[in-house]
Amino acid sequence: MFDARRTVRGAAWSAVERLSVQGVQFAILVLMARMLTPTDYGLVGMLAIFILIGQLVADGGFSQAIIRLGKHTEEDVSTAFFFNIGVGALLYAGLFAAAPLIADFYGEPRLTDLARVLGLSVLVNSTLVVHRALLTSNIDFKTQAKTTLAGAISSGVVGVWMAYAGYGVWAIAGLQLTNHAVTGAALWMLSPWRPRMKFAAESFRRMFGFGSRIMASDILETFYSNVYMMTIGKVFSAYSLGCYTRADQLGEFASANVTRIVKRATFPALCSLRETPERLKAAFFRHIRYYAFIVFPLMAGLSAVAVPFVELLLGSQWVYAARLLRILAFAMMLFPLISVNLMVLEVLGNSRRYLRLQLAGKTIGIIMLVATLPFGLSAVCCGLVVTAAASLLIAVIGAGRVIGLGLATQLKAVMPSLAFAAAMYAAIAALLWILPTDDNAVKTLLGITTGILVYLGLALAFRSRDLRDLIALILK
């Protein structure tokens, strides 16, 4: 049964977890980016695709299967646990052996040792899949908030100290490994669940049958997201990749975090509405409106103030990252809407169609990458904007329409927020153009203030339903 109050509490704690952790990580990013170089971050970015895909394969889709099952036996979760750690160990062994090949591919000898050290995160994370899934299934984000915050703070201390001491790229490795280790230890301490020596073939088949398709889709998404980084690192340079990854990360602070906060808290609750199509449709329609109202101005504003904002925070050595962020923000504006449309299929358990739609969108992305690569990195980022728009169209037609939320309905829902965000962007751009100062702090502050006043002013002037509903939801 759908419990609105419990879901709102879950969303609140999910937000506390994400925003507190991201707040700490953002502060750490600023400190470390001032002491390290784009090349240092580029070297770590070259390994991202191997580490992230390893973590997804070790998960095996079992985390989503556990959440969706709702009711699960001890055999189910213990089976998932032993599968996860077994696969995690095998994957780390493979990565350890393949490290010299990865270094040869990029022409960067330093990547051999770096891959072997960072690969330990695959092994550590494989022991935590079930704990996180059980807490998420119970909408217990309070416990997760404590563990991830402990990891963020501890790793931040280690990373900043190593960067200050001159360890270069190893400061980033120290940051990441400390984060995984401390978060994992805290999860085992605070979570009441412990594995039992059980492995049931029937449990494995049932969960893997659903989870494997979600895993395949997630691997596709991760490969697609990181093949850009792999290609940039190979074709351009570690410096270019470092600037691209920093721009991508700054954009994700706004776009991806909103998506993750809401999805983690609402996915279990939405699953309970599968048998009531009209209520499910109404819930998803609200999601689309709220995502647009929040994310559109965040990303439009970030694009408008990108150059003074990045130079102020990270320094002039990152100005190229700011120029890329100015473009990438428009692609990230659409990601939450793609996610909420595809979540329809996750809730309904239609993992086959989910995978097909992901394949279609990613195919377009690869074509755009190949087409824009000869024209430089800025052209590649513009191609990502086109890909995001095409992927959204595919998601709406293939997923949203399943519950009656077609293209016309969704356009009507998001158009007011889009118009307000466009007006806000124009106001900020005009202000920054006429300002008689080169002070980045002044430009950033006035740009953000102007954006907030224009967007909220328009929402109030036109009596935005989304604003009213969000205020009412928060005050409940």
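It should be noted that the structure appears before, not after, this text.
Since this is a predicted model, take the numbers as computed values, not measurements.

### With respect to the environment of L467
Alright, step 1. Inspection of the secondary structure puts L467 in helix α20 (residues 465-475).
Alright, step 2. Here L467 falls in the buried class, since its relative accessible area comes to 14%.
Alright, step 3. Along the backbone, L467 and V402 are 65 residues apart, and their C-alpha atoms lie at a distance of 27 Å.

### Section: the nonpolar core
Alright, step 1. Judged by nonpolar contacts, the single largest core of 135 residues is most densely connected at M32, L114, Y244, F284 and L314.
Alright, step 2. With 14 residues, the single largest contributor to this core is helix α12 (residues 277-304).
Alright, step 3. Look past the residues within four positions of L314 in its chain and what remains in contact with it is L29, V30, A33, R34, R246 and L250.

### Quick notes on the environment of T245
Alright, step 1. For T245, the location among the structural elements is in helix α11 (residues 238-271).
Alright, step 2. Given the relative accessible area of 12%, T245 is considered buried.
Alright, step 3. In this structure the C-alpha to C-alpha distance between T245 and G45, which are 200 residues apart in sequence, comes to 6.9 Å.
Alright, step 4. What T245 contacts, discounting residues up to four positions off in sequence, is Y41 and M229.

### Considering the packing of helix α5 (residues 111-118) against helix α9 (residues 169-190)
Alright, step 1. Two elements in contact, α5 and α9, have axes separated by 10 Å at closest approach and are oriented at 10 degrees. With respect to α9, the axis of α5 lies roughly parallel. Classified by chirality, the crossing of α9 by α5 is right-handed. Between α5, through D113, L114, V117 and L118, and α9, the contact on the second element is made entirely by V169, W170, A173, Q176 and L177.
Alright, step 2. Taken together, the residues of the contact of α5 with α9 sort by class into seven nonpolar, one polar and one charged.

### Describing a nonpolar patch on the surface
Alright, step 1. A surface patch of nonpolar side chains, about 480 Å² in accessible area, is lined by L393, I397, L407, L411, M415 and L418.
Alright, step 2. Secondary structure elements with two or more residues in the nonpolar patch: α17 (377-398) and α18 (407-434).

### So, the packing of helix α15 (residues 335-348) against α17
For any two helices packed against each other, the geometry is given by the interaxial angle and the distance between the axes.
Alright, step 1. Where α15 meets α17, the closest approach of the two axes is 9 Å, and the angle between their N-to-C directions is 25 degrees. Between α15 and α17, the angle falls in the class roughly parallel. Seen from above, α15 lies across α17 with left-handed handedness. Between α15 and α17, the residues in contact are F335, L337, I338, N341, L342 and L345 and A388, S391, L392, A395, V396 and G398, respectively.
Alright, step 2. Here the contact of α15 with α17 is composed, by residue class, of nine nonpolar, three polar and no charged.

### Some thoughts on unusual backbone geometry
Alright, step 1. Its identity is not glycine, yet R463 carries a phi of approximately 50 degrees, on the positive side.
Alright, step 2. The topology assignment puts R463 in the loop between α19 (440-461) and α20.

### Comments concerning helix α2 (residues 38-59)
Alright, step 1. Compared with an ideal rise of 1.5 Å per residue, which puts 22 residues at 32 Å, α2 spans 31 Å between its outermost C-alpha atoms and is within 8% of the ideal.
Alright, step 2. Its maximal kink placed at L47, α2 deviates by approximately 40 degrees.
Alright, step 3. In the segment just after α2, G60 is the residue with positive phi, at about 70 degrees.

Quick notes on the rules
- Residues numbered from 1 in each chain as written.
- Predicted model: local features only at pLDDT ≥ 70, side-chain atom pairs only at ≥ 80, totals over all residues.
- Heavy atoms only, no water.
- Helix = DSSP H or I, 4+ residues; strand = E, 2+ residues; numbered from the N terminus.
- Buried < 20%, exposed > 50% of the residue type's maximum accessible area, 1.4 Å probe, protein only.
- Core = buried A, V, L, I, M, F, W, Y, C linked by side-chain atoms within 4.5 Å.
- Contact = heavy atoms within 4.5 Å.
- Axes fitted to C-alpha atoms, helices over the stretch in contact; angles between N-to-C directions.
- Parallel < 35°, antiparallel > 145°, perpendicular 65-115°, else oblique.
- Left-handed = near helix turned anticlockwise from the far one by under 90°.
- Nonpolar A, V, L, I, M, F, W, Y, C, P; charged D, E, K, R; others polar.
- Patch = residues over 30% accessible without salt bridge, like charges linked within 9 Å, V, L, I, M, F, W, Y side chains within 5 Å.
- Areas by Shrake-Rupley, 256 points an atom, 1.4 Å probe, with all protein chains shown as cover.
- Salt bridge = Lys/Arg side-chain N within 4 Å of Asp/Glu carboxyl O.
- Expected span 1.5 Å × (residues − 1).
- Bend = angle between axes of the 7 residues up to and from the residue.

Just geometry here; none of it tells us what the structure is for.
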